[in-house]
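# Structural description and commentary
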Amino acid sequence: MIQLVANTRSREYPVFLSEGALEETGKLWRSLGNRGKVVIITDDNVAALHLPGLEESLAATGFIVNAVKVQPGEEAKSLGKATALYSGLFDLKTRRHDAVCALGGGVIGDLAGFVASTYMRGVKLIQVPTSLLSQVDSSIGGKVGVNIPQAKNYVGAFYQPHMVITDPALLETLPRRELVEGLAEVVKYCLLSGDDFFSNFEFSYQEFLSLNMAYVEPVVRRCIEYKLRVVSEDERDFGRRAVLNLGHTVGHGIEAAGAYQAYSHGQALALGLLAAVRLSEQVFMLPAEYGERLWSLLGLLGLPVKLEGVSPDDVLTAVARDKKADDLSANMVLLKSLGDPVINCDVDAGLLRSQVERLVRGD
Ligand code: GLY
C-alpha cells in the first residue's frame, strides 16, 4: 500500500493508493483512530458496483455503516440535494466525530464533500474516488461545492478530506468514454510535470488504455503527487494553484458554449490544452513539436482535436465572461517549457481567436 501525505495548512491527511485499497478502507480508517458511524454518499451506478465492498470493509472493522444514494449526473450538485442529504444525516443521528464517505466521481466528491464541510460545521470526510478524473484531481485538494442555476461551482468551500482511498482497480468498471475523458486530466499533469512524463505517457498510453495496473498505478501516483505539492504551497488558490487550470480557460469556454451538453469536461479540456500549448508556442516560444505531439496523442487517446457543433464566437464570449467574473483565475496558464507553467498570462484577444478558429479547422 502506497501512502502519500497531503500537507496543507488546514489539515495533514493520507492518500492511500493501491489496487484493492477499497477493501482496506475500514482497516485504514480505524488505524487513524476513528470510530462511530460512516455515512456513504454515492450514486445509483457506483453503488451497484462498489458499495457492497465498501460497506463490508467498514462493517467488518466495527463501524456503523449507512448509505445514501443520489441519482447519477451533474444535477445532483445542487443546494436542494445538499439539503436533502443534511436531513438524511440528521435522521441517521450523525454526530461531529462521525464521517461522510464520498464514493463516486467528481460530482459525488464535490457534493458529499460540501455536505461534510457544512453539516454541524464540519464532520469527517473520506474520499473514495471511482473515476479517473476524481482519482488524479478532484478528490484531493479540498475543493468542494455545488452549482447554482446561474453558474457551476459557485457555492462551496475548501475542506480537506481526512483520508483518501485511491484504488486504480476501480477504473476497470468505468465506461471507456469516462476513462478517456479522465485521460485529458492525466495529459494536463504530463504537460505540467515535464518532458519525461509527457514522453513516457506518449510512448506507453496503450498500457493505460488497457488498464495494465503496473503502468496505471505509477501514472496516477505522479499526478496525485504533483497536485499534493501544489496544494501544499497554495491551499486556497491565491496563486500557484492556478497552474492546475492549464487548458481550462478555453476548455470551460467550450463547455459553456456547448451548454454543457456538446462537450464533456474531459473533451473540452483536451481542446483547451491544445489551444494553451499552441499559444505557449506563440507567447513563450515553446517548441512547435509539442503542439504537434499533443495533437497526435489526443487523437490516439480518442479525445477531440477538432471543435465541432459549437461556434468559436460563443467560445470566446464565454471565455470573456469568465474573465470578467474572476479576473485572476480566468487569465490563462501557459507553458514556458514542459514542466514550467506560468500563471496569469494575459493573452492577446487576436491570438486567442486565431487558436480557437484553428480548433475548428482541426489541423
Ligand atoms: N482542479 C483544480 C484545483 O483543484 O485547484
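For the structure itself, look to the data block above.
Residues numbered from 1 in each chain as written. Predicted model: local features only at pLDDT ≥ 70, side-chain atom pairs only at ≥ 80, totals over all residues. Heavy atoms only, no water.

## Side note on helix 14 (residues 349–361)
The terminal C-alpha atoms of helix 14, which comprises 13 residues, lie 19 Å apart, in line with the 18 Å expected from a rise of 1.5 Å per residue. Buried within helix 14 are the following residues: Leu352, Gln355, Val356 and Leu359. Mapping the buried residues of helix 14 onto a view down its axis gives an arc of 100 degrees, with all of them on the same face. Among the residues of helix 14, the N-terminal cap falls to Asp348, whose side-chain oxygen and the backbone nitrogen of Gly350 are separated by 3.0 Å. Within two residues after helix 14, Gly362 carries a phi angle of roughly 80 degrees, on the positive side. (Helix = DSSP H or I, 4+ residues; strand = E, 2+ residues; numbered from the N terminus. Expected span 1.5 Å × (residues − 1). Buried < 20%, exposed > 50% of the residue type's maximum accessible area, 1.4 Å probe, protein only. Arc of directions from axis to C-beta. Polar contact = N/O pair within 3.5 Å; in protein donor to acceptor, adjacent residues only side chain to side chain.)

## Section: the site of the ligand
Around the ligand sit Asp137, Lys143, Lys227, Arg241 and Leu244, and that is every residue in its neighbourhood. Taking Lys143, its side chain carries an N or O atom lying 3.0 Å from an oxygen atom of the ligand. Interatomic distance of 2.7 Å between a side-chain N/O atom of Lys227 and an oxygen atom of the ligand. Look at the ligand: alone it shows 200 Å² of surface, and the protein chains cover 85% of it. (Near = heavy atom within 4 Å. Areas by Shrake-Rupley, 256 points an atom, 1.4 Å probe, with all protein chains shown as cover.)

## Structural notes on the nonpolar core
Among the nonpolar cores identified, the biggest contains 78 residues, and Leu132, Leu191, Phe201 and Phe208 are the most heavily contacted of them. What Leu191 contacts, discounting residues up to four positions off in sequence, is Phe198, Leu246, Leu273, Val277, Leu294, Leu335, Leu338 and Gly339. (Core = buried A, V, L, I, M, F, W, Y, C linked by side-chain atoms within 4.5 Å. Contact = heavy atoms within 4.5 Å.)

## What about the sheet that holds strand 4 (residues 64–70)?
The strand order 1-2-9-6-5-3-4 describes an open sheet built from 7 strands, whose pairing is mixed. Where the open sheet ends on each side, the last strands, each with one partner, are strand 1 (2–7) and strand 4. Across the sheet, the axes of successive neighbouring strands diverge by a mean angle of 20 degrees, strand direction being ignored. Here strand 1 pairs with strand 2 (residues 12–17) via 6 bridges, running antiparallel. Opposite Ala6, over in strand 2, you have Tyr13 as the bridge partner. Against the sheet, helix 3 (residues 79–91) makes contact with strand 3 (37–43), strand 4 and strand 5 (99–104), and its axis sits at roughly 155 degrees relative to strand 4, the strand it touches most. (Pairing = 2+ DSSP bridges. Axes fitted to C-alpha atoms, helices over the stretch in contact; angles between N-to-C directions.)

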